[in-house]
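# Residue-level structure breakdown
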Amino acid sequence: MSVSTAALDPSVCAPLPVLGQDVTVPLVTGGEVTYAALDYAASAPALQRVWDDVAAYAPYYGSVHRGAGYLSQLSTDLFENSRRTVAEFLGCRPEDQVVFTRSTTDSLNLLAAAIPANCQVFVYETEHHASLLPWRDAQVTYLNAPRTPGQAVETLERALADREPYGPALVCVTGASNVTGELWPVRELAAAAHAHGARIVLDAAQLAPHHPVDIAELDVDWVAFSGHKLYAPFGSGVLAGRADWLRAAEPYLAGGGASRKVARRADGGVDVDWHTTAARHEAGSPNVIGVYSIASACKALTEAGFDNLVAREQELVSRVREGLAEVPEVQVLSLFGDDAPRVGVISFVVRGWNSSHFAAALSAEYGIGVRDGLFCAHPLVRTLLGSDPQDPGECGAPEAEPGERSLNAIRVSFGAGTPDEHIDRFLRAVTELVREGAQWKYRTEDGRCVPDRGEAPQV
């Protein structure tokens, strides 16, 4: 998979309008500043277009699939049209299903519940926990972190060739790392999986917001992603792909909507005829607004011109990497090397700094929101930091005082709504903190590094 290098058209490559662009936050040193949201990899701000679409629909909200009233029928049409929009956005094949879930995590747990008995699952240790951990009832082979895309393919091919017995198998792989932003060789991995009789699911949580995802072109069997990373709020996700395993599995949740017919038996029991469509795994009243917001985001990204969005983001990636390279104390984390293509997700550590302390200073003194920790990818971050697998560390900040070494990193992430000024402020802040130190004193409170409000600024 390659990143577009198409020439930028300045008339169409301005940042997309997002909510929160004018929010101001207080600085511990005094005054206020417009908030720089550089934590897109956790949750991207909602597109203004999405919010406007949802607001326009909200007065017409109704329960789907069950009502004869006008609003219910309108909501049902909107819900199913959203399914078609997402299918088109993902390049789904005619026979594929689009199942709406709560998140990427929910999507992959749904698939884990649907895999056949005795299925073998192959997953790299570099995965986010959402794709590393759901396979509890399967025979799982964890693959070591590769150091090149080619090595990733070779590692998978060897593991698949060695598997015994030769039954159903599934490969789970990320499209873009939530730690390094590096793109994985998805098409090549899919070819390797299929050559050995296995299927493949793509965790596109970090890929879909930054780069077009086409199921047919990549030749993957399923794709999972979250709306809240795709500029859509309200807690919805998608699992899209082959229908056969989903159709054969027991419903993910048992309840209304998943069943076509329920009847009492003479012996007092209940017979259930389950749906074979996506409804089989969508029991209960669905998150109509969340689903519509995903569809709206898909339309907005498509209409804005994804190639132009990718090209602009690549300029931002280059600026951030070049700026960080000018600070010798900064070490950018990478699995595949400096030349690997990546999306707008970059993690780093700063020599002499506790990462939680550094992130806290960026927030308190510059109004910049980044993330610190292990990013729910503990094995990968430990590998990148060269630490012992048993070293302490958590998704959030560890119990370490400012200045103490900690097993965590800092992550800056950005996307279609990021203004140039936020990138400039971030790079300036990194340089000033490294060269001049923090202006304020900090302490650890409930596992987080926070400004010490009882202390005067450092001189």
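Residues numbered from 1 in each chain as written. Predicted model: local features only at pLDDT ≥ 70, side-chain atom pairs only at ≥ 80, totals over all residues. Heavy atoms only, no water.

### Examining the pairing of strand S11 (residues 259-264)
Note the threshold: The cut-offs for exposure are 20% and 50% of the maximum accessible area for each residue type, with area from a 1.4 Å probe on protein chains only; residues under the lower value are buried, those over the upper are exposed, and the others partly exposed. Helix and strand definitions follow DSSP, with helices as H or I runs of at least four residues and strands as E runs of at least two, each counted in order from the N terminus. Should DSSP find at least two bridges between two strands, the strands are regarded as paired.
The buried fraction of S11 amounts to zero of the six residues, a small share that puts the element mostly on the outside. The hairpin turn running from S11 into strand S12 (residues 270-274), its antiparallel successor, is five residues long, and glycine 268 in that turn takes a positive phi close to 100°.

### Quick word on the nonpolar core
Test applied: For the purposes of this section, nonpolar cores are sets of buried Ala, Val, Leu, Ile, Met, Phe, Trp, Tyr and Cys residues that join through side-chain atoms within 4.5 Å. When checking whether two residues touch, look at their non-hydrogen atoms; a contact exists if any pair is within 4.5 Å.
By size, the foremost hydrophobic cluster in this structure holds 83 residues, and its most contacted members are Leu90 and Phe225. Looking at this core, the element that brings in the most residues is helix H9 (residues 288-304), giving eight residues. Setting aside residues up to four positions removed in sequence, leucine 90 forms contacts with Val213, Asp214, Ile215, Val223, Phe225, Val238 and Ala240.

### Considering the sheet that holds strand S8 (residues 199-203)
As a reminder of what qualifies: Convention adopted: a line fitted to C-alpha atoms gives each axis, helices being fitted over their contacting stretch, and angles between N-to-C directions are expressed from 0 to 180 degrees.
One open sheet accounts for seven strands, arranged S4-S10-S9-S8-S7-S5-S6; its pairing is mixed. At either margin of the open sheet sits one strand with a lone partner, and together these are strand S4 (97-101) and strand S6 (139-143). Recorded for the sheet is a direction-independent mean angle of 20° between the axes of neighbouring strands. Note that strand S9 (residues 222-226) and strand S10 (residues 237-241) share five bridges and pair antiparallel. Paired with phenylalanine 225 across the two strands is valine 238, which belongs to S10. Sheet strands in contact with helix H2 (residues 70-89) are S4, S9 and S10, and its direction is about 115° off that of S4.

### A few points about the packing of helix H11 (residues 355-366) against helix H13 (residues 420-436)
Stated precisely, the cut-off is as follows: Handedness of a crossing is defined here by the sense of rotation of the near helix relative to the far one, left-handed for an anticlockwise turn of less than a right angle and right-handed for a clockwise turn. Polar here means any residue other than Ala, Val, Leu, Ile, Met, Phe, Trp, Tyr, Cys and Pro, which are nonpolar, and Asp, Glu, Lys and Arg, which are charged; Gly is therefore polar.
The interhelical angle for the contact between H11 and H13, taken along N-to-C directions, is 115°, at an axis separation of 11 Å. H11 and H13 meet at a crossing whose hand is right-handed. For the pair formed by H11 and H13, the contact residues are Phe358, Ala361, Leu362, Glu365 and Tyr366 on the first element and Arg425, Phe426, Ala429, Val430, Glu432, Leu433 and Val434 on the second. For the contact of H11 with H13, the per-class residue count stands at nine nonpolar, no polar and three charged.

### A look at the confidence of the model for the protein chain
The condition that has to hold: What pLDDT reports is the predictor's confidence in each residue, on a scale of 0 through 100.
On average, residues of the protein chain carry a pLDDT of 92, and 92% of them reach 70 or more. Here residues 2-8 scores under 50 on pLDDT; set against residues more than four positions off or in separate chains, the count is 18 contacts.

### Details of the environment of alanine 58
Within the fold, alanine 58 resides in the loop between helix H1 (48-57) and H2. The class of alanine 58 is partly exposed, set by a relative accessible area of 37%. For alanine 58 and isoleucine 115, which are 57 residues apart along the polypeptide, the C-alpha to C-alpha distance reads 37 Å.

### Brief notes about the sheet that holds strand S17 (residues 409-413)
Two orientations exist for strands paired in a sheet by backbone hydrogen bonds: parallel and antiparallel. One open sheet holds the four strands; their spatial order is S13-S14-S17-S16, and the pairing between them is antiparallel. Of all strands in the sheet, those bounded by a partner on one side alone are strand S13 (330-332) and strand S16 (371-373). The sheet shows a mean angle of 30° between the axes of neighbouring strands, direction not considered.

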